[in-house]
Amino acid sequence: MTTQLPPGMNIETVDDKIMTLNVGPQHPGSGHMRLIIKVDGDYIVSCDPDPGYVHRGEEKMAEYRNYIQNIPHLERPVIHDSSNILYPYCLGVEELLGIEVPERAKYIRVIAAELNRCIYILYWLAIYGIFLGHSTMFMWPAGDRELFIDLLEAMSGARVTHAYLVPGGVRNDLPSNFEERCLRQVEYFEKRLKEYEAVFYQNPLLKARTEGSGILSRTDAIRLGTTGSVLRASGVDFDVRKKEPYDVYENLDFQTIVMKEGDSYARSRVPYLEMFESCRIIKDALRKMPKSGSVRTKLKPNPKGGNDEVYRRIESGRGAIGYYIVSNNRPEPYRVKISVGSFRNLICMPYLLKGEKLGNMPAVYWGLNYWPVEADR
Amino acid sequence: MSNVIGIIRALNSGVKHLAVKRFTLRYPEQKLKFVGDGFQFNPETGVGIAGLRGRHILFHEHCTGCQLCSVACEGIAEAISMVKVHETWKHNKKAIMPQIDYGKCVFCGLCVDACPFYALYMTNDYELSSFTKSALIYTPAQLAIKPKISQDVEIKIDDRGASHG
Ligand code: SF4
Ligand code: SF4
């Protein structure tokens, strides 16, 4: 007897040699998501990523709150990179409401964003280490991350969810002797970062597990629409900070890190090298920053946007984050759409994992810089 | 062969750290020092003053009961409710003041930004845990108390590495 199935559904044929594994949804490392993996012996036959377990409705929530009240909840998707996820929102709202940002505030924002990028990458690197069974590489970045958390805490007053960037500038000026303290800690961190090289990146055990696995070619990287470090590890020179500079990035001295290989090793190394560039940006910004001046433009209470729409994007630790904001003469936005790097990089997973050994799965998965909470928003 | 050298190098860089000071902060024996007395806000310039965003402090002599802090928090955490106080202040006819539920507060400090009368600031006190939910609700009288804190440890950096004190 054949039963009629609803359109779009089909019955899966079961092969005795193929086994199905569910990786997740109980927190495979960074948040709730599931990979449905089919294995033949030790080799992956197919992988089906299944996101959506941590959808929080950030976009809908943004429609009921005014432009300032939106700040605390919009940084929740990536609390480790909270300045960067707020950045495009602030840029967009400034454009909608026609707000000028003081010069000093622009530099402070760049410093906050770069400190936060380091916090994110260090956290990511710590998890990368423990995913590959390297517990030193878990302890070191997790400890060194404290240097940056300390700096951002002095700046903004909170350790993780800073709510520091606002439309019109930043919440408060830098504390006294911040420049000196920041320079000292960033310089120490650069020295420390060089030690990671021998213990992790030149370690033959890491190389054996990551080199040549999960190769994403340049054309595939572009075709699949990847972004951020994944794109740059496949040899595409694209960084929003360089290509569409926002705030003061065009005045600052840094390079885009590009690697040609496109394998897991390159994807693990690009964010690491980017931390050196972030330190360079921070030091340069501290040097070029105006030493005094206003840091926040005073807004009217409950500012209203006209009948308008904007799209602004920035480069975060996980790739480009874009905000599309529509306003309709009300204090609340009419629609906020967030486009995040994590979600766009997820699509590579079935392609990269096909034919890989199951043991290489964590390296490929985490190398994609995928953050479930951000992807589900 | 190069693999063996690589592994020895990796081990060596770890072993060197046996002689390096420990970075761990021994909380609660040690507590980190913060800048200033907590996050404050100057309504005239519209700019805040850097500091830790911990528990709030309410200055009864300044609070007018205007409810702006509670309105600001409505879209964020709904942590502030206005309650009656048994005090008579000329500038606070309705005799209402904010009461904050720290079970809900996310320490964003936007209520401090909203207060136009220099009445609501934040302090360096972050140790708010309690055994009951009701103890997390701070009444205006509790919010007026200045916290007693001893936080003095800073990150120190020398040639033997970074450490906490
Ligand atoms: S700090 Fe934020 S969440 Fe807490 S009471 Fe103030 S506005 Fe509400
Ligand atoms: S604390 Fe400030 S904003 Fe809140 S009721 Fe008192 S005066 Fe108004």
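Residues numbered from 1 in each chain as written. Chains lettered and ligands numbered in written order. Predicted model: local features only at pLDDT ≥ 70, side-chain atom pairs only at ≥ 80, totals over all residues. Heavy atoms only, no water.

In the annotation of an unreviewed UniProt entry, chain B is listed under the name NADH-ubiquinone oxidoreductase, subunit I and assigned to Candidatus Nitrosotalea okcheonensis.

Caption draft 1: Region of interest: the overall build of chain A. Each helix and strand counted, chain A has 15 helices and 8 strands in total. Relative to the globule expectation of 21 Å for 377 residues, the C-alpha radius of gyration of chain A, 22 Å, shows essentially globular dimensions. Expressed as a percentage of the 377 residues in chain A, the buried residues total 61%. For chain A, long-range pairs separated by at least 24 residues make up 71% of all intrachain contacts whose partners lie at least 6 apart in sequence. Side-chain charges of chain A comprise 49 positive and 48 negative groups, with the mean position of each set lying 2 Å from the other. (Helix = DSSP H or I, 4+ residues; strand = E, 2+ residues; numbered from the N terminus. Rg over C-alpha atoms; globule rule 2.2 N^0.38 Å. Buried < 20%, exposed > 50% of the residue type's maximum accessible area, 1.4 Å probe, protein only. Contact = heavy atoms within 4.5 Å. Lys, Arg positive; Asp, Glu negative; His and termini not counted. Charge placed at Lys NZ, Arg CZ, Asp CG, Glu CD.)

Caption draft 2: Structural context of the site of ligand 2. Near ligand 2 there are 14 residues, and of these B:Cys63, B:Cys66, B:Gln67, B:Cys69 and B:Cys115 occur at the shortest range. For the shell around ligand 2, the residue count by class is 11 nonpolar, 3 polar and no charged. (Near = heavy atom within 4 Å. Nonpolar A, V, L, I, M, F, W, Y, C, P; charged D, E, K, R; others polar.)

Caption draft 3: Structural context of the site of ligand 1. Taken together, the residues surrounding ligand 1 are B:His56, B:Cys73, B:Ala77, B:Ile80, B:Cys105, B:Val106, B:Phe107, B:Cys108, B:Gly109, B:Cys111 and B:Met122. The residue inventory of the shell around ligand 1, partitioned by class, reads 9 nonpolar, 2 polar and no charged.

Caption draft 4: Focus on the packing of aromatic side chains. All names here are of chain A. Following the criterion strictly, the structure yields 24 aromatic pairs over all chains and no others. Centroid distance Tyr120 to Trp371: 5.6 Å. Interplanar angle 75°. Geometry classified as edge-to-face. Remark: Trp371 occurs in the loop between α14 (361-367) and α15 (372-376) and Tyr120 occurs in helix α4 (residues 103-131); sequence separation between them is 251 residues. Taking the centre distance of 5.8 Å and the plane angle of 65° together, the rings of Tyr123 and Trp371 count as edge-to-face. Here the residue Tyr123 occupies a position in helix α4, and Trp371 occupies one in the loop between α14 and α15, the gap between them amounting to 248 residues. A relative accessible area of 5% places Trp371 in the buried class. Put simply, the rings of Trp124, Tyr128, Trp140, Tyr196, Phe200, Tyr201, Tyr265, Tyr272 and Phe276 pair up and form one aromatic cluster. Sitting over the ring of Phe254, Lys242 keeps its end group 4.2 Å from the ring centre. (Phe/Tyr/Trp six-rings, centres within 6.5 Å; stacked < 30°, edge-to-face > 60°. Lys NZ or Arg CZ within 6 Å of the ring centre and 35° of its normal.)

Caption draft 5: Structural detail: the layout of surface pockets. Reported here for the largest pocket is a volume of approximately 770 Å³. In terms of lining, the largest pocket is formed by 27 residues, of which the most central are A:Ile68, A:Pro301, A:Asn302, B:Asp113 and B:Ala114. Those elements giving two or more residues to the lining of the largest pocket turn out to be α2 (68-74) and α3 (110-114) of chain B. No other element matches the 4 residues that α2(B) contributes to the lining of the largest pocket. Here the residues of the lining of the largest pocket sort into 15 nonpolar, 6 polar and 6 charged. In terms of lining, the second largest pocket is formed by 23 residues, of which the most central are A:Arg192, B:His17, B:Val20, B:Lys21 and B:Phe23. Secondary structure elements with two or more residues in the lining of the second largest pocket: α5 (135-156) and α6 (178-201) of chain A together with β9 (161-164) of chain B. Broken down by element, the lining of the second largest pocket gets its largest block of residues, 6 residues, from α5(A). Tallied by class, residues from the lining of the second largest pocket come to 8 nonpolar, 5 polar and 10 charged. (1 Å grid on protein atoms, 1.4 Å probe; cavity = no way out; pocket = protein on both sides within 12 Å on 5 of 7 lines; lining within 4 Å. Points joined across faces, edges and corners; volume = space filled by probe spheres on them.)

Caption draft 6: Quick look at a nonpolar patch on the surface. On the surface, A:Leu5, A:Met9 and A:Ile11 cluster together into a nonpolar patch covering about 330 Å² of accessible area. By relative accessible area, A:Ile11 is classed as exposed at 66%. (Patch = residues over 30% accessible without salt bridge, like charges linked within 9 Å, V, L, I, M, F, W, Y side chains within 5 Å. Areas by Shrake-Rupley, 256 points an atom, 1.4 Å probe, with all protein chains shown as cover. Salt bridge = Lys/Arg side-chain N within 4 Å of Asp/Glu carboxyl O.)

Caption draft 7: Summary view of the confidence of the model for chain B. The predicted model of chain B averages 85 in pLDDT, with 99% of residues at 70 or higher. Scored as a whole, the predicted complex attains pTM 0.89, and scored at its interfaces, ipTM 0.85. (pLDDT = per-residue confidence, 0-100.)

Caption draft 8: Quick peek at the pattern of salt bridges. Under the defined criterion, the tally for this structure stands at 36 salt bridges over all chains. A:Arg181 is the salt-bridge partner of A:Asp150, the closest N and O atoms lying 2.8 Å from each other. Of this pair, A:Asp150 sits in helix α5 while A:Arg181 sits in helix α6; the two residues are 31 residues apart in sequence, bridging distant segments of the chain. Exposure remark for A:Asp150: the relative accessible area of 4% places this residue in the buried category. For B:Lys31, the salt bridge goes to B:Glu127, with nearest N and O atoms at 3.4 Å. In this pair, B:Lys31 sits in the loop between α1 (2-15) and β1 (40-42) while B:Glu127 sits in the loop between β6 (120-122) and β7 (137-138), placing the two residues 96 residues apart along the sequence. Given the relative accessible area of 17%, B:Lys31 is considered buried. Exposure remark for B:Glu127: the relative accessible area of 35% places this residue in the partly exposed category.

Caption draft 9: Fine view of the nonpolar core. Counting residues in hydrophobic clusters, the biggest one holds 119 residues, and the most contacted among them are A:Leu35, A:Tyr89, A:Phe148, A:Met155, A:Met275 and A:Tyr323. If we ignore the near neighbours within four places in the chain, the residues touching A:Tyr89 are A:Asn66, A:Tyr67, A:Asn70, A:Ile71, A:Leu74, A:Tyr323 and A:Ile325. Ranked by size, the runner-up nonpolar core spans 27 residues in total, among them B:Leu58, B:Cys63, B:Leu136 and B:Leu143. (Core = buried A, V, L, I, M, F, W, Y, C linked by side-chain atoms within 4.5 Å.)

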